[in-house]
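Structure at a glance
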Amino acid sequence: MKEAKLREIDHRAFLRRLDPILAVYAAAMRPPAEQLPGRHTIMERHTSYPGFRAVVAERRGALLPRGGIRGFGYGFHGARGQWWHDVVRGALAGTAGEEHAVRWLDDPFEVAELHVHPDHQGQGLGRRLLNTLCEGRPERTVVLSTLDRGPEETPARRLYRSVGMVDLLTGFVFPGGGPPYAVMGAALPLAPYEPGIAAGPSPGAA
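This one's a predicted model, so the numbers in the text were calculated from it and none came from an experiment. Along each chain, the written sequence defines residue order, and numbers are assigned to residues from 1. Given that the model is predicted, a residue must reach a pLDDT of at least 70 before its local features are reported, and side-chain atom pairs must reach 80 or more before they are shown or counted; all residues, however, enter totals for whole chains, interfaces and linings. As a rule here, side-chain values come from all non-hydrogen atoms in the structure, and water together with hydrogens is ignored.

Quick look at helix 3 (residues 36-46)
Those residues of helix 3 that sit buried are L36, M43 and H46. Angular distribution of buried residues about the axis of helix 3 spans 75 degrees; they occupy a single face of the element. Contacts from the buried residues of helix 3 go to helix 1 (11-16), helix 2 (18-29), strand 3 (69-77) and strand 4 (108-116). We call a residue buried when its accessible area falls under 20% of the maximum for its residue type, exposed when it is over 50%, and partly exposed in between, using a 1.4 Å probe and counting protein chains only. Per the convention used, a helix needs a DSSP run of H or I reaching at least four residues, while a strand needs a run of E reaching at least two, with both numbered from the N terminus. The arc in question is formed by the directions pointing from the helix axis toward the C-beta atoms. Any pair of residues with heavy atoms lying within 4.5 Å of one another is described as a contacting pair.

Shown next as structure tokens:
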């Protein structure tokens, strides 16, 4: 089977691939089908955010010119007025003070989504996507949210810890309800991978 290549794509190429990208998201996260149109709209809106960067793991071919996507990740420069940024900044300030919130969210690269199709997990693809996405970013920190399973450490969280990310919030429920999340962050550039730190399979979700 042909190996997927990582490609950085601009917002126009991302939008052209949005349907297969959303299919990877659905396979990894398994959300209720009625939530997918809203997720499509959110992803579309994110392409207009400052500093948008997207990376796909893609196998191109004559039959599937844009359908061979095995994983993807994207993010952008976080700023006031963005929903996730404002919610998390407020929570950080409320739990640890304004100085703590400024330290992490004054100049962040926010990874909005990072997913690998379940058929292609366990091959290091999530790590490659994350490292490529964060490489050379001008921001001071990188932050993201990932599902928090409590004492059960998920593969995604093990991956993020292995590149130096720490917990900023745990058991955090975003406005509107839903499962608890952990908010994690690291200084940029990311720490190099240390094999001694267990990372587990590639993450299904960020």
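Brief notes about the pairing of strand 3
Here strand 3 lies mainly inside the structure; eight of its nine residues are buried. A pair of strands is treated as paired once DSSP finds two or more bridges between them. With six bridges joining them, strand 2 (residues 53-58) and strand 3 adopt antiparallel strand pairing. Within strand 3, the position partnered with R53 by the bridge is G75. Bridge count between strand 3 and strand 4: seven bridges; the pairing is antiparallel. Directly across from G71, in strand 4, lies its bridge partner V116.

Examining the packing of helix 2 against helix 3
Here an angle of 0 to 180 degrees is reported between the N-to-C directions of two axes, which are lines fitted to C-alpha atoms, with helices fitted over the stretch in contact. The contact between helix 2 and helix 3 brings their axes to 11 Å, and the two run at 125 degrees. One finds that helix 2 runs oblique with respect to helix 3. Here helix 2 runs over helix 3; the crossing is right-handed. Contact residues: L18, D19, I21, L22, Y25 and A26 in helix 2; L36, R39, H40, M43 and E44 in helix 3. Residue composition of the contact of helix 2 with helix 3, by class: seven nonpolar, one polar and three charged. Roughly parallel refers to an angle under 35 degrees, roughly antiparallel to one over 145, roughly perpendicular to one between 65 and 115, and oblique to any angle outside these ranges. By convention, the crossing between two helices is left-handed when the near helix turns anticlockwise from the far helix through less than a right angle, and right-handed when the turn is clockwise. Think of it as three bins: nonpolar holds Ala, Val, Leu, Ile, Met, Phe, Trp, Tyr, Cys and Pro, charged holds Asp, Glu, Lys and Arg, and polar takes everything else, Gly as well.

A look at helix 5 (residues 98-105)
Within helix 5 the residues assigned to the buried category are A101, W104 and L105. Burial along helix 5 is one-sided: seen end-on, the buried residues are contained in an arc of 80 degrees. Among the structural elements, helix 4 (83-96), strand 4, strand 5 (141-147), strand 6 (166-172) and strand 7 (181-187) are those in contact with the buried residues of helix 5.

Read these as layout, nothing more, since geometry by itself doesn't imply function.
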